[in-house]
Amino acid sequence: MNENRYTFEPIGVIRSPLTSRKEAPRQGDEGAPEAWLELIAPVAEGLDGITAGDELIVLTWLHRARRDVLKVHPRRRREASLIGVFATRSPDRPNPVGLHRVAVLEVAGQRLRVAPMEAIDGTPIIDIKPVLRNIEER
């Protein structure tokens, strides 16, 4: 891979009843539970303006993913042909960034209760962005 290296500092962590990859649904709309996004104090004021009912895109680092995988059987179906990870939503990939569309259920200080969230407990949060309905909204 490229010699350039980039680092990021997680801004928080997912607190979820899901504790293993095996029990996590493959996508949020496949039965994912509510979870808490716990942000670290230095970035907490970045939540100003977020209210219950908002929709967000949460970017995570899928810390338990394999980074050496380039081909997978889609949705882990062994009967399906192998395809490249960039054509799938597989968590196993060179840079395992998770993308989660959630609704805000509650804002409590530096925490957000959201649903659905398919990420497992302890997953680092790397960014949060609003879902824009109109490009001029924010």
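Residues numbered from 1 in each chain as written. Predicted model: local features only at pLDDT ≥ 70, side-chain atom pairs only at ≥ 80, totals over all residues. Heavy atoms only, no water.

Caption draft 1: Region of interest: the nonpolar core. If you look at the biggest cluster of nonpolar residues, it comprises 17 residues, and the most contacted ones within it are Leu37, Leu112, Met117, Ile125 and Ile128. Those elements giving two or more residues to this core turn out to be strand E2 (35–39), strand E3 (55–61), strand E6 (97–108), strand E7 (111–115) and strand E8 (124–130). A per-element tally of this core places E2 first, with three residues. (Core = buried A, V, L, I, M, F, W, Y, C linked by side-chain atoms within 4.5 Å. Buried < 20%, exposed > 50% of the residue type's maximum accessible area, 1.4 Å probe, protein only. Helix = DSSP H or I, 4+ residues; strand = E, 2+ residues; numbered from the N terminus.)

Caption draft 2: Spotlight on the packing of aromatic side chains. Under the definition given, this model contains one aromatic pair. On the numbers, 5.1 Å between centres and 50° between planes, the contact of Phe8 with Trp61 is tilted. In this pair, Phe8 is assigned in the segment before strand E1 (12–15) and Trp61 in strand E3, connecting sequence segments 53 residues apart. The exposure class assigned to Trp61 is buried, which follows from its relative accessible area of 17%. In this structure, Arg111 is placed above the aromatic ring of Trp36, and the distance from its NZ or CZ to the ring centre is 3.8 Å. (Phe/Tyr/Trp six-rings, centres within 6.5 Å; stacked < 30°, edge-to-face > 60°. Lys NZ or Arg CZ within 6 Å of the ring centre and 35° of its normal.)

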